[in-house]
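Coordinate analysis (summary)
Chain by chain, the residues run as shown.
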Protein chains: 2
Amino acid sequence: MENANLLEGMRVVEAAAFVAAPLGGMTLAQMGAEVIRIDALGGGLDYRRWPVTRDGTSLFWAGLNKGKKSVTLDLGSPEGREFAMALIAAPGEDAGMLLTNFPPRGWLDHEKLRERRSDLIQLTVQGDRHGGSAVDYTINPRMGLPYLTGSEAVETAVNHVLPAWDLVTGQMAAAGLLAAERHRRRRGAGQHVKLALEDVALAAVGSLGFLAEAQLGQARGRHGNHLFGAFGHDFATSDGVRVMVVGLTGKQWRSLCDALAMGDEIAVIAQRTGLDLAREGNRFIAREEIAAVVARWMGARPFADVATQLDRHGVCWGKYQTVGQLVREDASCSLANPMFGEVDQPGVGHLVAPGLPLDFSAVARRPVQPAPRLGADTEQVLCSVLGVDSAEFGRLHDRGVVGG
Amino acid sequence: MENANLLEGMRVVEAAAFVAAPLGGMTLAQMGAEVIRIDALGGGLDYRRWPVTRDGTSLFWAGLNKGKKSVTLDLGSPEGREFAMALIAAPGEDAGMLLTNFPPRGWLDHEKLRERRSDLIQLTVQGDRHGGSAVDYTINPRMGLPYLTGSEAVETAVNHVLPAWDLVTGQMAAAGLLAAERHRRRRGAGQHVKLALEDVALAAVGSLGFLAEAQLGQARGRHGNHLFGAFGHDFATSDGVRVMVVGLTGKQWRSLCDALAMGDEIAVIAQRTGLDLAREGNRFIAREEIAAVVARWMGARPFADVATQLDRHGVCWGKYQTVGQLVREDASCSLANPMFGEVDQPGVGHLVAPGLPLDFSAVARRPVQPAPRLGADTEQVLCSVLGVDSAEFGRLHDRGVVGG
């Protein structure tokens, strides 16, 4: 185990807002790359994004920019844009990487930037493949999922609260930049990589079989909290705690049957329905009958007994809890989990924050870094990367060309 | 633009099932890596996963293994496991990469594999950081999201139907392998990378501010289909079509106000509430009043007029549709989108399937590949990678040690 950064030497300039692109940049920063986020003076489009503290500091911005350097420039002025372009195209074998979700025009025009650095790698996250405007919340309805979410009784669409497409896109952006950097190392060529949020969503519903199912004319219904294609549902214990139990694999199913000692009742269901319940699909067909048996068992016991029994038999299960309970009561969401660390977040104060889920054995786990104060690294970056001296920086700062 | 594969020369062995790890392997395959999926004779745990065709062929398996090679071995026999370990540790500068979501024991024991290849890169996807059993559907309830999903009237938990945590984990696995391969190229060292589904979920809810919000004692409520922290909601047109409209950024909000010519009504709301609705957070506070105005406008027009008017003003919006409508009516989900291609999927037949969302300008877009027939590449891989000749392969096949 060394203390080296996994992505030592890599420098990425990020010009972005909201979730996908900033998450991709944060992932690279948490792997050890130097990620320089450029914002306009006063902050970008996401600088006030909710959730916010009572005095308006964005917890969203703080969460998605951990471990980055923050540079602020007057992007409305040619001089400010010149510094931005110079940073993007600055020399360095493993520099010359740009991550953005802004239209590739003006100071982000790929061809103009390539005139400054011919092997530039630029990854542009877009709404759709034509560069049109789209966000997670307008793409998700088109994927059909809101009509498959919620109880069978629900007649309208149910939006997801997790911007899942943004999260997937952010990680694909990180992977795309790493793949393009490998190609550049081998071939010497940079490129412009495009990644459309809409395409990420379409590829995912295709990968999971939703599209093929529909192409074959097999319309999937709305199944409430049932796990599609096998057995899985939520149940209330006698003291009102809710748990999700899953019998997807044969092992998981046998563990569940053993834990609840429901073998005889399952055999009766198998006989009555003529279904071999050792096959996952048949467990889905018989889901209501199976759920009735599980519900009776769960409803007759307090959560403590349920948890003990399920764990004793290695059942795959999870407890429903609020975010408040997750933060207050779940050891996995605390410093007991080495992924978490304490940070002093500018404008917010003391927080216990998560770092990178990837645990690389070749390097020491990096301490969790807070997000920077907006513009905090402007002078250090302009000095170290562009050779601006502090007297010149002072003049630029006085004239409002640079922040910090 | 060259015809080279972006990840030319990279070889990854995948021993995995279900979504996360197979998706990570598929992403690398679609970028041009040679990804060899090893399964037991007869297929792995996910070989029958729903959705399935009427004769039981898994559309799920077909969707998550596109572009891979399939090798089947009798993993219950020492001889079969020996071939598996030999494939994982086979020579080749850019080989020696293993992606799995099985317990790193037996033939997947990292230390044993390192004795065969000291610079092996192994990435193990696990349920939790201790290697415990957990799946997307048991982790999501613990994150608090089911209690934030659905209408305010809903009193119970609403599960997501999209295995979002699996999808994010799969892309992080691809990024993690690429980052580890860069490190090996620079330092010569392999490693064992671990990635827990639970940690991926915890890091994400942390990145989005959910955890900090709760740590500060600001409990978020359930907001139905409202976009949290700004304006966004779903509305029905006069002919019963449902659309999602978003006014997250100032530009999006102004476009919406212009498209609906609702400036005066918004001004009245601003005056009555004393809220500056140019600030996104205030639009969330006044969401019900704003939604009432938008609902009246939407309800008075058929979808065709609504779409025309919203597009004319560049409003950020999306139409709710079923997966069936997506497949039949949405051009983005057809061959009109270059990400899609026609494949002849073994056991299924003709499908229009999506490829990789990442569009790399340095290489030609790869044609969409189907998933292989189970075991289809066993002889070719054992011959090309391990030097097994066809006579020997025939004997192994007769003895049931290898499939294909």
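Residues numbered from 1 in each chain as written. Chains lettered and ligands numbered in written order. Predicted model: local features only at pLDDT ≥ 70, side-chain atom pairs only at ≥ 80, totals over all residues. Heavy atoms only, no water.

Brief notes about the sheet that holds strand 1 (residues 11-15) of chain A
Whether parallel or antiparallel, the strands of a sheet pair through hydrogen bonds between backbone atoms. Let me state the cut-off plainly: Paired strands, as defined in this entry, are two strands with at least two bridges between them according to DSSP. Only runs of H or I of at least four residues qualify as helices and only runs of E of at least two qualify as strands under DSSP, and these elements are numbered from the N terminus. Between N-to-C directions, angles span 0 to 180 degrees; the directions come from axes that are lines fitted to C-alpha atoms, helices contributing only their stretch in contact.
With respect to topology, 7 strands assemble into an open sheet ordered 3(A)-2(A)-1(A)-4(A)-5(A)-6(A)-12(B), the strand pairing being mixed. Bordering the open sheet on either side are strand 3 (69-73) of chain A together with strand 12 (358-360) of chain B, each of which pairs with just one other strand. Adjacent strand axes in the sheet meet at a mean angle of 20°, parallel and antiparallel pairs treated alike. Pairing of strand 6 (residues 191-196) of chain A with strand 12 of chain B, which is carried by 3 bridges, proceeds in the antiparallel orientation.

Digging into the interface of chain A and chain B
Here is the rule: Any two residues whose heavy atoms approach within 4.5 Å are treated as being in contact. Between Lys or Arg on one side and Asp or Glu on the other, a salt bridge is scored when a side-chain nitrogen of the former is within 4 Å of a carboxyl oxygen of the latter. Whenever a nitrogen or oxygen atom comes within 3.5 Å of another N or O atom, the pair is scored as a polar contact, on the condition that within protein one atom can donate a hydrogen and the other can accept it, and that pairs from neighbouring residues in sequence are kept only if both atoms are in side chains.
Opposite the 144 residues of chain A that make contact, chain B presents 144 residues. One salt bridge in this structure joins B:R187 and A:E8, with 2.8 Å as the shortest N-O distance. Here chain A and chain B share 50 residue pairs in polar contact (both at pLDDT 80 or more) between them. With 17 residues, helix 6 (residues 164-187) of chain A is the single largest residue contributor to the side of chain A that touches chain B.

A word on unusual backbone geometry
Put simply, the rule reads: Three labels apply to residues, based on accessible area from a 1.4 Å probe with only protein chains included: buried if under 20% of the type maximum, exposed if over 50%, partly exposed otherwise in between.
With an omega dihedral of 0°, the bond running from A:W50 to A:P51 counts as a cis peptide bond. Within the secondary structure layout, A:P51 lies in the loop between strand 2 (34-40) and helix 2 (59-64). For B:F18, which is not glycine, the phi dihedral falls at a positive 70°. Structurally, B:F18 can be placed in the loop between strand 1 (11-15) and helix 1 (20-30). Judged by its relative accessible area of 15%, B:F18 is buried. Of note in this structure, B:A261 is not a glycine but carries a positive phi near 45°. Tracing the chain through its elements places B:A261 in the loop between helix 9 (250-259) and helix 10 (263-273).

Quick look at the sheet that holds strand 6 (residues 191-196) of chain B
Reading across the sheet, the 7 strands line up as 12(A)-6(B)-5(B)-4(B)-1(B)-2(B)-3(B) and stay open at both edges, with mixed pairing between neighbours. In this open sheet, the two edge strands, each paired with only one partner strand, are strand 12 (358-360) of chain A together with strand 3 (69-73) of chain B. Between one strand axis and the next, the sheet turns by 20° as a mean value, whatever way the strands run. Summarising the sheet, strand 1 of chain B and strand 4 (residues 97-100) of chain B pair through 4 bridges and their orientation is parallel. Looking at the pairing, B:E14 lines up with B:L99 of strand 4 of chain B. This element, helix 3 (residues 78-88) of chain B, spans strand 1, strand 2 (34-40), strand 3 and strand 4 of chain B of the sheet and lies at about 145° to strand 3 of chain B. The sheet strands contacting helix 15 (residues 378-386) of chain B are strand 1, strand 2 and strand 3 of chain B, and the helix crosses strand 3 of chain B at an angle near 90°.

Here's the deal with the packing of helix 6 (residues 164-187) of chain B against helix 7 (residues 197-207) of chain B
All names here are of chain B. As a reminder of what qualifies: Roughly parallel refers to an angle under 35 degrees, roughly antiparallel to one over 145, roughly perpendicular to one between 65 and 115, and oblique to any angle outside these ranges. All amino acids are sorted into three groups, where Ala, Val, Leu, Ile, Met, Phe, Trp, Tyr, Cys and Pro are nonpolar, Asp, Glu, Lys and Arg are charged, and the leftover types, Gly among them, are polar.
The N-to-C vectors of helix 6 and helix 7 enclose an angle of 100°; their axes lie 9 Å apart at closest approach. Our classification of the angle between helix 6 and helix 7 gives roughly perpendicular. Contact residues: W165, D166, V168, T169 and M172 in helix 6; L197, V200, A201, A204 and V205 in helix 7. For the contact of helix 6 with helix 7, the per-class residue count stands at 8 nonpolar, 1 polar and 1 charged.

Here's the deal with helix 12 (residues 287-299) of chain B
All names here are of chain B. Under the convention used in this document: A helix is expected to reach a length of 1.5 Å times the quantity of its residues less one. By construction, the arc corresponds to the directions joining the helix axis to the C-beta atoms.
Over its 13 residues, helix 12 runs 17 Å from end to end, which matches the ideal 18 Å to within 8%, given 1.5 Å per residue. Within the sequence span of helix 12, burial applies to R287, I290, A291, V293, V294, W297 and M298. Angularly, the buried residues of helix 12 cover 160° about the axis, an arc narrow enough to put them on a single face. Contacts made by the buried residues of helix 12 are with strand 7 (231-236), strand 8 (242-247), helix 9, helix 10, helix 11 (280-285) and helix 13 (303-312).

With respect to the packing of aromatic side chains
Convention followed: The pairing test for Phe, Tyr and Trp rings, Trp by its six-membered ring, is centres within 6.5 Å, and the orientation test on the planes gives stacked under 30 degrees, edge-to-face over 60, and tilted for anything in between. We count a charge as sitting over a ring when the NZ of a lysine or the CZ of an arginine lies within 6 Å of the ring centre and within 35 degrees of the ring normal.
Tallied over the entire structure, the rule returns 16 aromatic pairs over all chains. Measuring from ring centre to ring centre gives 6.0 Å for A:F231 and A:W253, while their planes differ by 65°; the resulting arrangement is edge-to-face. Of this pair, A:F231 sits in strand 7 (residues 231-236) while A:W253 sits in helix 9 (residues 250-260), and the two are 22 residues apart along the sequence. The burial state of A:F231 is the same as that of A:W253; both residues are buried. One aromatic cluster is present, built from ring pairs that chain together A:W50, B:F228 and B:F284. The ring of B:F284 carries the charged tip of B:R287 above its face, separated from the ring centre by 4.1 Å.

Here we look at the pattern of salt bridges
Counting across every chain of the model gives 48 salt bridges over all chains. Taking the shortest distance from any N to any O, the salt bridge between A:R11 and A:E34 comes out at 3.3 Å. Remark: A:E34 occurs in strand 2 and A:R11 occurs in strand 1; sequence separation between them is 23 residues. The class of A:R11 is buried, set by a relative accessible area of 16%. Between B:R116 and B:E82 there is a salt bridge, with the nearest N and O atoms lying 2.7 Å from each other. Taken together, the residues span a long stretch of sequence, with B:R116 in helix 4 (residues 110-116) and B:E82 in helix 3 at a distance of 34 residues. Shared partners join several salt bridges into a network, and the residues in it are A:R182, A:R186, B:E93, B:D94, B:E181 and B:R185.

Structural notes on the relation of the copies chain A and chain B
Our working rule: In superposing the copies, a least-squares fit is computed on C-alpha atoms, taking residues whose pLDDT is at least 70 in both.
Under the fitted operation, chain A is carried onto chain B by 0.0 Å of movement along the axis and a turn of 180°, and the coordinates agree to an RMSD of 0.0 Å. Both copies are brought into coincidence by an operation consistent with a two-fold rotation axis. In this assembly, 100% of the residues forming the interface of chain A have copies in chain B that are likewise at the interface, indicating an isologous arrangement.

A word on the packing of helix 3 of chain B against helix 15 of chain B
All names here are of chain B. Condition: When the near helix sits turned anticlockwise from the far one by under a right angle, the crossing is termed left-handed; a clockwise turn instead gives a right-handed crossing.
At a closest axis distance of 11 Å, the pairing of helix 3 and helix 15 adopts a crossing angle of 55°. Here helix 3 lies oblique to helix 15, going by the angle between them. Along this stretch, helix 3 crosses helix 15, giving a crossing that reads as left-handed. Here F83, A86 and L87 of helix 3 lie close against helix 15, whose contacting residues are V381, L382, V385 and L386. A per-class count over the contact of helix 3 with helix 15 returns 7 nonpolar, no polar and no charged.

With respect to the environment of B:G190
Residue position: B:G190 is located in the loop between helix 6 and strand 6. B:G190 gets classed as buried once you look at its relative accessible area, which sits at 18%.

Re the confidence of the model for chain A
Let me state the cut-off plainly: A residue's pLDDT is the confidence the predictor assigns to it, expressed on a 0 to 100 scale.
Overall, the predicted model of chain A reaches an average pLDDT of 97, with 99% of residues at or above 70. Reported confidence for the predicted complex is 0.98 by ipTM and 0.98 by pTM.

Side note on the pairing of strand 8 of chain B
Residue and element names in this part refer to chain B. Among the 6 residues in strand 8, 5 count as buried, and that is most of the element. Linkage of strand 7 to strand 8, two consecutive antiparallel strands, is achieved through a turn of 5 residues, within which G240 is found at a positive phi near 80°. Bridge count for strand 8 against strand 9 (residues 316-319) is 4 bridges, and the pairing is antiparallel. Counted as the bridge partner of V246 is C316 from strand 9.

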